[in-house]
Amino acid sequence: MASTAPFAKMNGIGNEIIVADMRGRADRVAPAAALALNADAATKFDQIMAIHDARTSGTAFFIDILNSDGTGAQACGNGMRCVVQALAAETGQKTFAFETVAGILNAEEHADGLISVDMGKPHFGWQDIPLAEEFRDTRMIELQVGPIDAPVLHSPSVVSMGNPHAIFWVDRDVWSYELDRFGPLLENHPIFPERANITIARVTSTETMVIRTWERGAGLTKACGTAACAAAVAAARTRRTGRSVSLVTPGGGSLHVEWRGDDHVILTGAAEWEFSGSFDPATGVWARVTESAA
Ligand SMILES: N[C@@H](CCC[C@H](N)C(=O)O)C(=O)O
C-alpha cells in the first residue's frame with residue numbers, strides 16, 4: 001500500500017461519513033479512491049470529509065468534501081459534525097473554525113455531546129443556487145414531475161446553503177413518494193446546471209417537519225444536514241414555520257435548525273464514531289485498525 005492516511009468511519013444521524021486525516025500531506029483524496037471505498041460494503045459512505053492543513057489564517061483546517069460518486073461538494077452539515085467530534089476527541093478542544101469551498105464555518109461541541117455548526121447564510125438568488133434561467137421568486141419555481149395535469153411533485157422552493165437544494169412541499173407521508181425514481185430525474189434536471197439535492201418535506205407544526213432527501217452525488221441517504229437547513233429556511237421564508245425547527249430524517253434521527261436574526265443558519269445534532277482504519281488516498285485500498293485490549 002502507498003503512503004496511507006488514517007480515517008474514521010462515522011455517521012451523522014445515519015448520514016454515512018468517512019473522516020480522512022490528510023493533515024501534513026499535499027495530495028487529495030482521489031475520486032477513484034472514493035469510488036473504491038464506496039464499492040466496499042464496510043466503507044460505503046455518502047461523503048468523505050478530508051481534513052487538510054489550514055490554507056487561511058484564523059481557521060484550523062481546510063475541509064475537502066467528496067460525494068460517493070467521486071464528485072466534490074461545497075458543504076456537508078452532518079459531515080462537519082463528524083469532523084468536530086473526531087477533532088474534539090483528539091485535542092480536547094471544543095470550538096473550531098474551518099474553511100470549506102463554501103466559506104468559513106464555525107462549530108462547537110456542547111457539554112451534552114451534541115454539535116452545532118454555523119452553516120453560514122442561505123442564498124436565494126437564481127444565479128446563486130444556480131438555476132439555468134431567471135426566476136425572480138425562488139420561494140416557488142415552476143418545476144414538476146408526473147402527469148402534467150396531476151403532478152406528483154411540483155413547485156419547489158430553491159435555496160443555496162453553499163450547495164444547491166430544491167424542497168418539494170407535500171401533505172402526505174414522505175415515504176409514500178418514489179424518491180428513488182424521481183430523485184435522479186430532478187437532480188439532473190436541466191434547470192439545475194450544477195445538479196441539485198432534492199428533498200421532500202412535510203411540515204407537521206410551526207416548529208417541526210419530516211424530510212427525505214435524494215442527495216446530489218450520493219442518492220438516498222438517512223439524513224442530509226444542508227437539506228435540513230435548506231428546508232428549514234425555505235419553510236420559514238414561505239411562512240410554513242417559524243425560524244427554529246426540528247426535523248425528523250429518514251434514519252429516524254433528528255436535527256435542529258435555527259435561522260438566526262443575523263441570517264446565519266445553525267445546525268445542531270449528534271455524530272457517532274464506528275471504526276478506524278487507514279487508506280491509500282490514491283486508490284482507496286484500506287485496512288481496519290485493530291483496537292488493542294486495554
Ligand atoms: N450529506 C450532506 C450534504 C452532502 C453534499 C451534497 N450531496 C452535495 O453534493 O451538495 C449534509 O449533511 O449536508
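Predicted model, so just to flag it, every value in this text is computed and none were measured. (Residues numbered from 1 in each chain as written. Predicted model: local features only at pLDDT ≥ 70, side-chain atom pairs only at ≥ 80, totals over all residues. Heavy atoms only, no water.)

Looking at the overall build of the chain
What counts is decided by this rule: Runs of H or I in DSSP of at least four residues are treated as helices and runs of E of at least two as strands, each being numbered from the N terminus. Computation of the radius of gyration draws on C-alpha atoms, with the globule rule given as 2.2 Å multiplied by the number of residues to the power 0.38. Each residue's exposure class comes from its accessible area (1.4 Å probe, protein chains only) as a fraction of the maximum for that residue type: buried when under 20%, exposed when over 50%, partly exposed otherwise. A contact between two residues is defined here by any heavy atoms of the two lying within 4.5 Å. With residues, only the protein chains shown are counted as cover, and all accessible areas are computed by Shrake-Rupley using a 1.4 Å probe. We count Lys and Arg on the positive side and Asp and Glu on the negative side, and we leave His and both chain ends out. Note on charges: their place is set at NZ of Lys, CZ of Arg, CG of Asp or CD of Glu.
Within the chain, the secondary structure is distributed over four helices and 19 strands. Since a compact globule built from 294 residues should have a radius of gyration of about 19 Å, the 19 Å found for the chain is in line with a globular shape. Judged by the C-alpha coordinates and their principal axes, the chain covers about 60 × 35 × 35 Å. Residue burial in the chain is summarised as follows: out of 294 residues, 53% are buried. For the chain, restricting intrachain contacts to residue pairs at least 6 apart in sequence, the fraction spanning at least 24 positions comes to 61%. On the chain, roughly 12500 Å² of surface is accessible, and the fraction owed to carbon and sulfur atoms is 51%. Here the chain carries 24 positive and 35 negative side-chain charges, and the mean point of each set is 3 Å from the other.

Comments concerning the layout of surface pockets
We count it as follows: Here a cavity is any set of points on a 1 Å grid over the protein atoms alone where a 1.4 Å probe fits but cannot get out, and a pocket is any open set with protein on both sides within 12 Å along at least 5 of 7 lines; a residue lines the site when it has an atom within 4 Å of a point. Grid points are joined across faces, edges and corners, and a volume is the space filled by probe spheres set on the points. For this classification, the nonpolar set comprises Ala, Val, Leu, Ile, Met, Phe, Trp, Tyr, Cys and Pro, the charged set comprises Asp, Glu, Lys and Arg, and every other residue, Gly included, is treated as polar.
If you add up the space inside the largest pocket, you get close to 230 Å³. Along its surface, the largest pocket is lined by 15 residues, and Phe7, Ala8, Val19, Ala86 and Glu90 are the ones closest to its centre. Among the elements that make up the lining of the largest pocket, the one with the highest residue count is helix α2 (residues 77–91) (five residues). In terms of residue class, the lining of the largest pocket is built from ten nonpolar, two polar and three charged. The volume enclosed by the second largest pocket comes to roughly 170 Å³. Lining the second largest pocket are 13 residues; nearest its centre among them are Ala102, Gly103, Met119, Met161 and Gly162. Residue composition of the lining of the second largest pocket, grouped by class: six nonpolar, six polar and one charged.

Structural notes on helix α4 (residues 225–237)
Under the convention used in this document: Helix span, expected: 1.5 Å multiplied by one less than the number of residues in the helix.
Between the first and last C-alpha of α4 there are 18 Å, a value that for 13 residues agrees with the 18 Å anticipated at 1.5 Å per step. Here α4 lies mainly inside the structure; twelve of its 13 residues are buried. When α4 is considered as a whole, its buried residues turn out to be Gly225, Thr226, Ala227, Ala228, Cys229, Ala230, Ala231, Ala232, Val233, Ala234, Ala235 and Ala236. Phi turns positive one or two residues past the end of α4, at Arg239, with a value near 65°.

Quick word on the site of the ligand
How we decide: A molecule or strand has a residue near it when one of that residue's heavy atoms lies within 4 Å. Identification of polar contacts relies on pairs of N or O atoms within 3.5 Å, with a donor-acceptor requirement for protein atoms, meaning one able to donate a hydrogen and the other able to accept it, and with residues adjacent in sequence counted only if both atoms are side-chain atoms. The way we define it, a molecule is inside a pocket or cavity when more than half of its atoms are within 2 Å of that pocket's grid points. Residue ranges for the domains trace back to a domain assignment, done automatically or taken from a database.
In the region of the ligand, 15 residues are neighbours, and Asn15, Glu215, Arg216, Gly225 and Thr226 sit closest. For the ligand, an oxygen atom lies 2.8 Å from a polar atom in the backbone of Gly77. Asn163 is positioned with one of its side-chain polar atoms (N or O) 2.9 Å from an oxygen atom of the ligand. For the ligand, whose unbound accessible area comes to 360 Å², protein coverage reaches 100%. Using a 2 Å cut-off from the grid points, one finds that the ligand occupies the largest cavity. Contributions of two or more residues to the shell around the ligand are made by α2 and α4. A per-class count over the shell around the ligand returns four nonpolar, nine polar and two charged. Among the domains, domain 1 (5–114 + 271–288) and domain 2 (126–266) are the pair contributing at least three residues each to the shell around the ligand.

Focus on the pairing of strand β4 (residues 61–67)
The cut-off we apply is this: Paired strands, as defined in this entry, are two strands with at least two bridges between them according to DSSP.
Of all seven residues making up β4, seven are buried, and the element is well covered by its neighbours. Residues Phe61, Ile63, Ile65 and Asn67 line one face of β4 and the alternating positions Phe62, Asp64 and Leu66 line the opposite face, and both faces are buried. In this sheet, strand β5 (residues 95–100) lies alongside β4 in parallel orientation, the contact comprising two bridges. Of the residues in β5, the one forming a bridge with Phe61 is Phe98.

What to know about the confidence of the model for the chain
Rules: Residue-level confidence of the predictor is summarised by pLDDT, bounded by 0 at the bottom and 100 at the top.
Across the chain, the average pLDDT comes to 97, with 98% of residues at 70 or higher. Both scores are given for the predicted complex: the pTM is 0.96, the ipTM 0.96.

Focus: the domain arrangement of the chain
Put simply, the test is: What counts as buried area is the accessible surface, traced by a 1.4 Å probe, that two parts surrender upon association, with contributions from both included. Every case where a carboxyl oxygen of Asp or Glu lies within 4 Å of a side-chain nitrogen of Lys or Arg is listed as a salt bridge.
One can read the domain layout of the chain as domain 1 (5–114 + 271–288) and domain 2 (126–266). On a C-alpha basis, the centres of domain 1 and domain 2 stand 24 Å from each other. Contacts between the two partners involve 20 residues from domain 1 and, on the opposite side, 20 residues from domain 2. Summed over both sides, the interface between domain 1 and domain 2 buries roughly 1200 Å², with carbon and sulfur atoms accounting for 43% of that surface. Our enumeration of links across domain 1 and domain 2 arrives at one salt bridge. A salt bridge links Asp69 to Arg195; the nearest nitrogen and oxygen atoms lie 3.6 Å apart. Our enumeration of links across domain 1 and domain 2 arrives at nine residue pairs in polar contact (both at pLDDT 80 or more). Among the secondary structure elements, those contributing two or more residues to the side of domain 1 that touches domain 2 are β2 (15–21) and α2. Ranked by the residues each element gives to the side of domain 1 that touches domain 2, the list is headed by α2, at three residues.

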